[in-house]
Amino acid sequence: MEESSSGDVASNVARAIAAALNWSSTPDDRKAAVSYLETIKAGDIRVLANTSFLLVKNNWSSEIRLHAFKMLQHLVRLRWEELSPVERRNFANVALDLMSEIANPCEEWALKSQTAALVAEIDRREVHLWQELLPSLVSLSGKGPVQAELVAMMLRWLPEDITVHNEDLEGDRRRLLLRGLTQSLPEILPFLYTLLERHFGCAVNEAGRQQLDLAKQHAATVTATLNAINAYAEWAPLPDLAKYGIVHGCSFLLSSPDFRLHACEFFRLVSPRKRPTDESASEFDSAMSNIFETLMNISKEFLYKSGSSTAVDESDIEFVECICESMVSLGCSNLQSIASDSTILPLYLQLMLGFFQHFKLALHVQSILFWLALMRDLMSKPKIVHSGGDGSAVKALGSGSVQVENEKRNILSFVNDDTCAAILDISFQRMLKKEKVLSGVALNLGSLELWSDDFEGKGDFGQYRSKLLELIKFIASYKPLVAGIKVSERIDTIIKSLLLSSMPTQELAVMESMQLALDNVVSTIFDGSNEYAGGSSEIQLALCSIFEGLLQQLLSLKWTEPALVEVLGHYLDAFGPFLKYFPDAVGSVINKLFELLTSLPFVVKDPSTNSARHARLQICTSFIRIAKAADKSVLPHMKGIADTMAYLQREGCLLRGEHNLLGEAFLVMASAAGVQQQQEVLAWLLEPLNQQWTQLDWQNNYLSEPMGLVRLCFDTPNMWLIFHTVTFFEKALKRSGTRKTQQNLQNNTTASSTSLHPMASHLSWMLPPLVKLLRAIHSLWSPSVSQTLPVEVKAAMTMSDVERFSLLGEGNPKLPKGASIFTDGSQINMSKEGYTEPNENDIRNWLKGIRDSGYNVLGLSTTIRDSFFKCLDIHSFAVALMENIQSMEFRHIRQLVHSVLIPLIKYCPPDVWEVWLEKLLHPLFLHSQRVLSCSWSSLLHEGRAKVPDAHGILAGSDLKVEVMEEKLLRDLTREVCSLLSVIASPQLNTGLPSLEHSGHISRVDTSSLKDLDAFASSSMIGFLLKHKSLAVPALQICLGSFTWTDGEAVTKVSSFCAALVILCISTKNVELQEFVSKDLFSAIIQGLTLESNAIISADLVGLCREIFIYLCDRDPAPRQVLLSLPSITLHDLAAFEEALTKTASPKEQKQHMKSLLILATGNKLRALAAQKSVNVITNVSMRPRSMVSTTDTRVDEGDAVGLAAIL
């Protein structure tokens, strides 16, 4: 293309722009056009400038002009330094002239905006030019509203790089711009106020004269000026914004329907501004106090108007939401500005209460954030500083802290009983979700908008409810008597309404919604640290009277409908903390629970009446919750509960799952009474199970060969009997003994705490049949067995919907009523136990339940140590777990490792390592190494992991199947690496020395090195390496993990590598030395090429340092490995070694190693790639801290009720 003149170049560029923007152009044409435009942008800067200035003229199309403006902005931002000072000044003058030309009512807004942005860009680059340009801009703005709008737009763009992060702008330039603009604020802010005042007045006058076109032009200028003001609101000092009339101008415009939204945006931005600590603090407080008054007046007017009407004009909603948000920010960030004003502060709190009480949900939700932040801050306890007896801590506390506490007390004094009562009233009403209310059911809520699923942008109902509950807890802690009265009144009203209703179950949603509120109020008041334990006797007596009366009212209810019974059970167990202080009421509660249990039908053959079955289980669960919360208050009633249980069993009125729950409650009670009581309770509960479990008939019938287990799957009563037996074993182990022992894991002797473990004497009869049962389940997956299985059993071996949803990271599928799920999501329908033929889902969930609980029983049993390892035959145990490991799916191997093998490794006494570990770990490591290598190779080279679970993944898109396969592979990889990490843990390697951290390159005296055997009894990793059958596959897994693109797995395996390095340095084993110096060193460097390992890169570089420093003089391999890297020279290596000798700092040595590795690999180590620097935005003020609580209030306390509750 010949380009003899600037006009020809402009024409060519125009055609290129048109081709690039025209989607009817061919891909090649668009590509060529873009390439040509990039050439122009990167070419001669003067050609770029001249061409672009030609193309912004109004004889070109809008698209071409817009693109030309972008090219000019590109020049200013990225190539400005290439122009000479004279050229820059000329460029600025041409751009300013361009503003005058484009200030035309006929021009498009986008073009005006880009012109303003260009001039602003120039001013940002040449801050010193601003003072020269300002008179020209003032003069231009005086020519008319269109020109003034353009100037306002430029002022809006000017501080863009301060408020919006731009990676192209260096920190120094940003600071320079901030300094320059801050110095110019005395000119900019009065100018903006003048524009605002002048053009608002003109807009009103012209509208009055019916000159609507002119009025619109002035109105556009007002809007542009407000947008400009908002660009300064986040960072310009607040006293300046007040001093130069900006706050006053925006306050005035809040009453203008046309401009109030933009004006309100100003207050939304300044409200969370942080109070300065310098001498300007008093001016800040004064300005903020004025802002408080302004927004309070608007809020007062709105609340008064909406309080007298049940409707709000939709045009007001967005504005009032912005006002409310600003009021919340003021209260959360700047309440100190009005804290000492006894007139303003209570009025502000009253207005915020008005927003909280407002029937519009959006305003209520906004205000929650303020009340939560306020109560959280006011109820926080001051930090206690411990000191000697001289009172120095009190002095150290300082007058500032005392002043803060006094300020808190002052604010709290205005949060009076009436305010707390109003907050509780609204909170209780809003605990109900709209979708829970059945159509046709009338609620006495007035015009209150309840939360609905179609309420957009405010999170989900669970998050919202958790905020309400947190607020309820704060109020209950601060005003327990008010909370007690209000919750009692609310529940009393609900109960009376239900008693008068002809169909109470249809109005049950309100009662259900209050259960969590009651739970939180009771647990807060009676948690032992609040008003009840340390308050006045009058308040204690009043609280006692309130809750006793409410409890008696609940106990007097004669409900028999399953839904009503279930809710009543929840209400009774909410009283658990109360019963801890009032043991006299425990007996009546227990009697009522048994009454409710027996009022429900026992045999539920009809699935349509499944709700009764579910209600019975929930009543049994209430015993557990009360036992946990009431603590020792329940102990005197244990015999009565036992007698009632025995009676119900004799009468055949207690299902096995229900018995398990009550038994679990017994274990909780016994844990408060001591080990002796626990042993007696366990003996009482387990003896009947012992007689059934140890019988050989069922074991021979069902466990002697795989098809026997198939028969069991179709023998429904025995199937569920075994299920409940195993799940109760699990609960017995979890609920008895010490939950977490802190003993040294290497202690070879039986400590007193373990010898006294209540379950120790039961393992010998519990575990052998369980091991047989698990072996039978494992055998179902072996090819020779699986092909002979019935269709139902084969189908049951596939994944459940819930498992697939979990692997995909999707929400759980909707469960039918009466269904429960395992902790990992497997679903069980509780109407099926013992009464219907098992279907595919029943068998699947039975298999999963046995596997889950069975593995947990084995894992928990290992914590009892000697009792476990002496009661089991290792041969039968290893055969049961490992015989069919080659047929196991990845999800099952992962579970086996996590639940059984990792605990077993942790608690295995060293004197039985030889007997136990090789038999278990050899087949595991061998199989894991083979399948992981194969699957990862397939994933990395073919894009899809090959996992044995694939046949268990049913319908689904290919993409979903691939996602599930990869998730299964990564889960197993991480679990196996976790096992290696446990093997290398310090507790299991007490005989392993620690490295000297002197930092000097060590030339170890080889005569001091030990044989590997010397560590085999005091270091599990030493034991592992002593046995080649274990070491070889384990080390291969270790090496492979560095190539598998899973940073989490490498994080886990790195501790194993660190222990290997220490052991290598401490021994004279040649094979280990060769492995660490060559294979491991190379693998770690290869691992650093993967970006996925960036998270652990510092540790990997540290390992490289240790290998080189401690082994380079004992083995040539470390140097050889480094010299084999593509970009290193002998000189580089020599310089590196010299640098190491000059510093004894491990940190500096690691930095030298990192630099060498980057150099030697040609900067190909992506895990070490320098992170793109992120410049900190230099704002004068800080962003508001988030008031959103991310922690949901837990409905259930402590452990889950467990598998025994499922059926």
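In what follows, the accompanying structure is described. (Residues numbered from 1 in each chain as written. Predicted model: local features only at pLDDT ≥ 70, side-chain atom pairs only at ≥ 80, totals over all residues. Heavy atoms only, no water.)

**A few points about the environment of Gln357**
Alright, step 1. Mapped onto the secondary structure, Gln357 falls in helix α17 (residues 344–357).
Alright, step 2. The sequence separation of Gln357 and Ser427 amounts to 70 residues, and the corresponding C-alpha distance is 9.0 Å.
Alright, step 3. If we skip the residues at most four places from it in the chain, Gln357 touches Ala422, Ile426 and Leu448. (Helix = DSSP H or I, 4+ residues; strand = E, 2+ residues; numbered from the N terminus. Contact = heavy atoms within 4.5 Å.)

**Things to note about the packing of helix α21 (residues 461–478) against helix α23 (residues 508–525)**
Alright, step 1. One way to put it is that α21 packs onto α23 with a least axis distance of 9 Å and a crossing angle of 35°. The two elements α21 and α23 meet at a crossing, and its hand is right-handed. Counting all contacts with α21, which are made through Arg465, Leu469, Ile472, Lys473, Ala476 and Ser477, the residues of α23 involved are Leu516, Ala517, Asn520, Val521, Ser523, Thr524 and Ile525.
Alright, step 2. Broken down by class, the residue content of the contact of α21 with α23 amounts to seven nonpolar, four polar and two charged. (Axes fitted to C-alpha atoms, helices over the stretch in contact; angles between N-to-C directions. Left-handed = near helix turned anticlockwise from the far one by under 90°. Nonpolar A, V, L, I, M, F, W, Y, C, P; charged D, E, K, R; others polar.)

**Let's talk about the packing of aromatic side chains**
Two aromatic rings, taken as a pair, are described by how far apart their centres are and by the angle between their planes.
Alright, step 1. Counted by the stated rule, this structure contains 34 aromatic pairs.
Alright, step 2. Ring geometry for Phe547 versus Phe578: centroids 6.1 Å apart, planes at 40°, classification tilted. In this pair, Phe547 sits in helix α25 (residues 537–555) while Phe578 sits in helix α27 (residues 576–581), placing the two residues 31 residues apart along the sequence.
Alright, step 3. Under the relative-accessibility criterion, Phe547 is labelled buried at 0%.
Alright, step 4. On the basis of relative accessible area, Phe578 is assigned to the buried category, the value being 0%.
Alright, step 5. When the ring of Phe868 is compared with that of Trp916, the centres are 5.7 Å apart and the planes differ by 40°; the resulting orientation is tilted. Note that Phe868 is positioned in helix α42 (residues 866–871) and Trp916 in helix α45 (residues 913–942), a separation of 48 residues in sequence.
Alright, step 6. Under the relative-accessibility criterion, Phe868 is labelled buried at 0%.
Alright, step 7. Here the aromatic cluster, defined as three or more aromatic residues joined through ring pairs, consists of Phe526, Phe547, Phe575, Phe578, Tyr581 and Phe582.
Alright, step 8. The residue whose ring lies beneath Arg156 is Trp157, and the NZ or CZ to ring-centre distance is 4.6 Å. (Phe/Tyr/Trp six-rings, centres within 6.5 Å; stacked < 30°, edge-to-face > 60°. Buried < 20%, exposed > 50% of the residue type's maximum accessible area, 1.4 Å probe, protein only. Lys NZ or Arg CZ within 6 Å of the ring centre and 35° of its normal.)

**Topic: the packing of α17 against helix α20 (residues 417–429)**
Alright, step 1. Interaxial distance between α17 and α20 falls to 10 Å at its minimum, and their mutual angle equals 15°. Classified by the angle their axes make, α17 and α20 are roughly parallel. For the pair α17 and α20, the crossing hand works out as left-handed. Across the interface between the two elements, Leu353, Phe356 and Gln357 of α17 pack against Thr419, Ala422, Ile423, Ile426 and Ser427 of α20. (Parallel < 35°, antiparallel > 145°, perpendicular 65-115°, else oblique.)

**Description of the side chain of Ser452**
Alright, step 1. Here Ser452 lies in the loop between α20 and α21.
Alright, step 2. The buried category is assigned to Ser452, whose relative accessible area is 7%.
Alright, step 3. Among all residues touching Ser452, those that are not within four sequence positions of it are Leu361, Lys434 and Glu435.

**Description of the nonpolar core**
Alright, step 1. Residues Phe91, Phe547, Trp846, Phe877, Trp916 and Phe1056 are the most contacted members of the largest nonpolar core, which totals 397 residues.
Alright, step 2. Per-element accounting of this core gives the leading share, 13 residues, to helix α18 (residues 361–379).
Alright, step 3. In this structure, Phe877 is in contact with Val771, Leu858, Phe868, Leu872, Val900, Leu904, Trp916 and Leu920, ignoring residues within four places of it in sequence. (Core = buried A, V, L, I, M, F, W, Y, C linked by side-chain atoms within 4.5 Å.)

**Brief notes about helix α26 (residues 562–573)**
Alright, step 1. End to end, α26 covers 17 Å across 12 residues, agreeing with the expected 16 Å (1.5 Å per residue, within 8%).
Alright, step 2. In terms of residue burial, α26 counts as a mostly covered element, since 11 of its 12 residues are buried.
Alright, step 3. Along α26, the residues classified as buried are Pro562, Leu564, Val565, Glu566, Val567, Leu568, Gly569, His570, Tyr571, Leu572 and Asp573.
Alright, step 4. Buried residues along α26 sit against α22 (480–500), α23, α25, α27, α28 (586–599) and α29 (610–630). (Expected span 1.5 Å × (residues − 1).)

**Structural notes on the environment of Ala630**
Alright, step 1. For Ala630, the position within the fold is in helix α29.
Alright, step 2. Counting along the chain gives 49 residues from Ala630 to Tyr581, while the straight-line C-alpha distance between them is 7.9 Å.
Alright, step 3. Ala630 has contacts with Gly576, Leu579 and Lys580, leaving out every residue within four places of it along the chain.

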